[in-house]
Amino acid sequence: MLKEFKEFAMKGNVVDMAVGIIIGSAFGTIVKSLVSDVIMPPIGLLMGNVDFSNLFITLKEGTVPGPYAAIADAQAAGAVTINYGLFANTVISFIIVAFAVFMLIRGLNKMKRQEEAAPAVPTTKECLYCLSVIPIKATKCPNCTSSL
């Protein structure tokens, strides 16, 4: 059983999938940082110093009554909140990841179409005189002995 598992785990597809998952996870972390640290601060600045990660609606106040300055304060007080700012950041991260995957698949499909569309190099040709099939490098037809 251990030998079977080792064969399964070492197959190319399984190893490739594992590498893809690890790289995808790292890419997701980079995109999350891009959105929260690079994209959203300028947008928040343009909208009047709004920090999207702290946009929330309090549904029920916690043990310490609000208003709460940040989501962390509300959660520490036990308040029930809808964190729509974090949701906006997550949606933007998803759009960036989805676009990157789309571009990757688009590139792979384009390469695949080019490989499929490449015509095979011909190895034969027809004799101009007797129309028999001869090798492409032939200078004389073996059937009718015409010079080509």
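Above this text is the structure in question.
None of the values given here were measured: they were computed from a predicted structure.

Q: Can you explain a nonpolar patch on the surface? Please cite residues and give values.
A: Together, Ile-57, Leu-59, Val-80, Ile-82 and Tyr-84 make up an exposed nonpolar region whose accessible area comes to about 450 Å². Summarising the element assignment, Ile-57 is placed in strand 1 (residues 57-60).

Q: Explain the environment of Phe-27 to me, using residue names and the numbers behind them.
A: With respect to the helices and strands, the residue Phe-27 is situated in helix 2 (residues 12-46). Through-space distance from the C-alpha of Phe-27 to that of Val-97 is 8.1 Å; in sequence the pair is 70 residues apart.

Q: An account of the layout of surface pockets is needed here, citing residue identities and associated values.
A: The computed volume of the largest pocket comes to approximately 170 Å³. What lines the largest pocket is Ile-23, Gly-24, Phe-27, Val-97, Ala-100, Val-101 and Leu-104. Of all the secondary-structure elements, those providing two or more residues to the lining of the largest pocket are helix 2 and helix 4 (84-117). In terms of residues, the lining of the largest pocket owes the most to one element, helix 4, which gives 4 residues. Each residue belonging to the lining of the largest pocket can be placed in one class, and the counts come to 6 nonpolar, 1 polar and no charged.

The rules behind the values
- Residues numbered from 1 in each chain as written.
- Predicted model: local features only at pLDDT ≥ 70, side-chain atom pairs only at ≥ 80, totals over all residues.
- Heavy atoms only, no water.
- Patch = residues over 30% accessible without salt bridge, like charges linked within 9 Å, V, L, I, M, F, W, Y side chains within 5 Å.
- Areas by Shrake-Rupley, 256 points an atom, 1.4 Å probe, with all protein chains shown as cover.
- Salt bridge = Lys/Arg side-chain N within 4 Å of Asp/Glu carboxyl O.
- Helix = DSSP H or I, 4+ residues; strand = E, 2+ residues; numbered from the N terminus.
- 1 Å grid on protein atoms, 1.4 Å probe; cavity = no way out; pocket = protein on both sides within 12 Å on 5 of 7 lines; lining within 4 Å.
- Points joined across faces, edges and corners; volume = space filled by probe spheres on them.
- Nonpolar A, V, L, I, M, F, W, Y, C, P; charged D, E, K, R; others polar.

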